[in-house]
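# Residue-level structure breakdown
Take a look at the letters that make up each chain.
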Amino acid sequence: MATILDFSKFNFTAEQIRDINELLYDEVMQAPEISLIHTIHPNIVFDKEIGFIGEGGLVGVAGQGCDPTPQSWKIGTRSVKWTPKSWEILIEDCWKDLESTCAVYALKTGVDISDFSTTDYYAIVVQVLSVAIKKFIVRLAWFNDTDAKNVNAGGIITDGVDTKYFSIIDGFWKQIIAQTTVKSAQRVAIAENTGATYAQQELAPTSAANYLKALKYKASMVLRSMTDAIVPCTQSIYDAWEQYNQGKEIESLYTKLIDGTETLKAYGMTLMPQPIWDEMIVKYENTGTKLNNPHRAVLTTKGNLNIGVDKESSFEDMRIWYNPDSRKVKTELMGKFDAKLYNPELLQVAI
């Protein structure tokens, strides 16, 4: 069995590095804090309906005199159903596979040699795993599709990538595209996304400005009136908008988010770039010649992007244990998860 940490890429011997902590970390894309653009709902452990009360119908007719006929009047309602699905992470590692690596010096000795759950080596494993878990949350919430297929099977997932990592639930992109397929007025079509090559998919600053303008002014008046409206978007759109404003009074367009991060506004809308989207599109929605919708922006509210979990700490509660029977160290996380647009009408997407 191979080790979790891939030592095959290192040309040095175990003698050349005696301290596992001498290894340096590559710079990797960090997933954003999930609560920044989503509303988190704990205790979602089974199918559960949420009811909403909408508008009433028309009222007010001409006076009828004696014996008037009551007007038929009803208040609209709708419901959204949570359907959480189980997820799990389970990894294991064996001490024997570490003996010929630089991690050998991180191991204990004697009868305790096979239990390395509290060593410097496994601290590295846990640290890197924590980053992978945050990315898993984004992938689960946005890029999952219960019907996920690879490109060679007629889908959008990069060939060679196992679709089991993308098929737990129907995430926000699946829901958004389904909504805008039915109601095309909620979609601003980005022409560059249909390009047949990477080069043809490049986004010009002027085009980005036009798409963002359309995103706002084609949105419903209800959405435009929402004071908490936000625009999560790919870094590609954010960068193009920033370039479009070079040489202008761009400082006046900056605003601070609740976490103190500075971001740009576009036509009064708060842009919230999600570079993790760009990374995932390049890695996981790539045909080898073009990307699947590399430029994306959604005008909506944090209250419309809902994540249901069985427990708020389920993505942090790692169970790490040494199994003396198998002489392996194992790490496990489990939970339930769902992503729901509370109001599919309350969004405008550029894609």
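Residues numbered from 1 in each chain as written. Predicted model: local features only at pLDDT ≥ 70, side-chain atom pairs only at ≥ 80, totals over all residues. Heavy atoms only, no water.

To continue, consider the overall build of the protein chain. The number of helices and strands found in the protein chain is six helices and 14 strands. Counting the 351 residues in the protein chain, one finds 42% classified as buried. Taking contacts inside the protein chain between residues at least 6 apart in sequence as the whole, the part at least 24 apart equals 75%. (Helix = DSSP H or I, 4+ residues; strand = E, 2+ residues; numbered from the N terminus. Buried < 20%, exposed > 50% of the residue type's maximum accessible area, 1.4 Å probe, protein only. Contact = heavy atoms within 4.5 Å.)

It is worth spelling out the sheet that holds strand E6 (residues 229-233) at this point. The mixed open sheet is built from seven strands, whose spatial order is E5-E14-E10-E6-E9-E8-E7. Each having just a single partner strand, strand E5 (187-188) and strand E7 (254-256) make up the two edges of the open sheet. Bridging between E7 and strand E8 (residues 262-266) involves three bridges; their strand directions are antiparallel. Paired with Thr 255 across the two strands is Thr 263, which belongs to E8. Contacts between helix H3 (residues 205-217) and the sheet are confined to E5, E6, E8, strand E9 (269-273), strand E10 (297-301) and strand E14 (348-350), with E9 contributing the most and set at about 125° to the helix. (Pairing = 2+ DSSP bridges. Axes fitted to C-alpha atoms, helices over the stretch in contact; angles between N-to-C directions.)

A grouping of Ile 53, Val 59, Trp 73 and Ile 75 is seen on the molecular surface, where their side chains present a nonpolar patch of about 460 Å² in accessible area. Relative to the elements of secondary structure, Ile 75 occurs in strand E3 (residues 75-82). (Patch = residues over 30% accessible without salt bridge, like charges linked within 9 Å, V, L, I, M, F, W, Y side chains within 5 Å. Areas by Shrake-Rupley, 256 points an atom, 1.4 Å probe, with all protein chains shown as cover. Salt bridge = Lys/Arg side-chain N within 4 Å of Asp/Glu carboxyl O.)

In this section: the pattern of salt bridges. Following the criterion strictly, the structure yields 13 salt bridges and no others. The partner of Lys 328 in a salt bridge is Glu 92, and the shortest N-O contact between them spans 3.0 Å. One end of the pair, Lys 328, is in strand E13 (residues 328-341); the other, Glu 92, is in strand E4 (residues 85-94), with 236 residues separating them in the sequence. Among the residues examined, Lys 328 registers a relative accessible area of 21% and is labelled partly exposed. Glu 92 gets classed as partly exposed once you look at its relative accessible area, which sits at 28%. Close ionic contact of Lys 164 with Asp 162 constitutes a salt bridge, the shortest N to O distance being 3.9 Å. Lys 164 gets classed as exposed once you look at its relative accessible area, which sits at 52%.

This part is about the packing of helix H1 (residues 120-143) against helix H6 (residues 275-284). It is the contact of H1 with H6, at a shortest axis distance of 11 Å, that shows an interaxial angle of 80°. When the interaxial angle is binned, H1 and H6 end up roughly perpendicular. On H6, the residues that touch Lys 135, Val 138, Arg 139, Trp 142 and Phe 143 of H1 are Ile 276, Trp 277, Glu 279, Met 280 and Ile 281. Classifying every residue of the contact of H1 with H6 gives seven nonpolar, no polar and three charged. (Parallel < 35°, antiparallel > 145°, perpendicular 65-115°, else oblique. Nonpolar A, V, L, I, M, F, W, Y, C, P; charged D, E, K, R; others polar.)

Moving on, we come to the packing of aromatic side chains. Applying the stated criterion to the full structure yields 15 aromatic pairs. For the ring pair Trp 82 and Tyr 342, a centre distance of 6.0 Å and an interplane angle of 65° mean the geometry is edge-to-face. Pair noted here: Trp 82 is in strand E3 and Tyr 342 is in the loop between E13 and E14, with a separation of 260 residues, a long-range link. For Tyr 342, a relative accessible area of 13% corresponds to the buried category. Seen from their ring centres, Phe 315 and Phe 337 are 5.9 Å apart, and the 85° between their planes marks the pair as edge-to-face. Here Phe 315 is found in the loop between strand E11 (305-309) and strand E12 (319-323), whereas its partner Phe 337 is found in strand E13, with 22 residues between them in sequence. Relative accessible area serves as the criterion here: at 11%, Phe 315 is assigned to the buried category. Under the relative-accessibility criterion, Phe 337 is labelled buried at 1%. Cluster of aromatic residues (ring-pair linked, three or more members): Trp 87, Phe 136, Phe 315 and Phe 337. Taking NZ or CZ as reference, Arg 139 lies 5.6 Å from the ring centre of Phe 166, over its face. Across from the ring centre of Tyr 244, 3.7 Å away, lies the NZ or CZ of Lys 248, which sits over that ring. (Phe/Tyr/Trp six-rings, centres within 6.5 Å; stacked < 30°, edge-to-face > 60°. Lys NZ or Arg CZ within 6 Å of the ring centre and 35° of its normal.)

Right, let's talk about the side chain of Gln 175 for a bit. Mapping Gln 175 onto the fold places it in helix H2 (residues 172-182). Polar contacts involving the side chain of Gln 175 include one to the main-chain carbonyl oxygen of Asp 170, which spans 3.0 Å. Within the structure, the side chain of Gln 175 is placed 3.1 Å from the backbone nitrogen of Leu 341, a separation counted as a polar contact. Not counting residues within four places of it along the chain, the set of residues in contact with Gln 175 comprises Asp 170, Ala 339, Lys 340 and Leu 341. (Polar contact = N/O pair within 3.5 Å; in protein donor to acceptor, adjacent residues only side chain to side chain.)

Let us look at H6. Taken together, the buried positions of H6 are Ile 276, Trp 277, Asp 278, Glu 279, Met 280 and Ile 281. Each element contacted by the buried residues of H6 is listed here: H1, H2, E6 and helix H5 (235-244).

Attention now moves to the packing of H1 against H2. Across the interface, H1 lies against H2 with an axial gap of 4 Å and an inter-helix angle of 20°. Here H1 is positioned roughly parallel relative to H2, judged by the angle of their axes. Here H1 contributes Ala 141, Trp 142 and Phe 143 to the contact with H2, which in turn contributes Phe 172, Trp 173 and Ile 176. Grouping the amino acids of the contact of H1 with H2 by side-chain chemistry returns six nonpolar, no polar and no charged.

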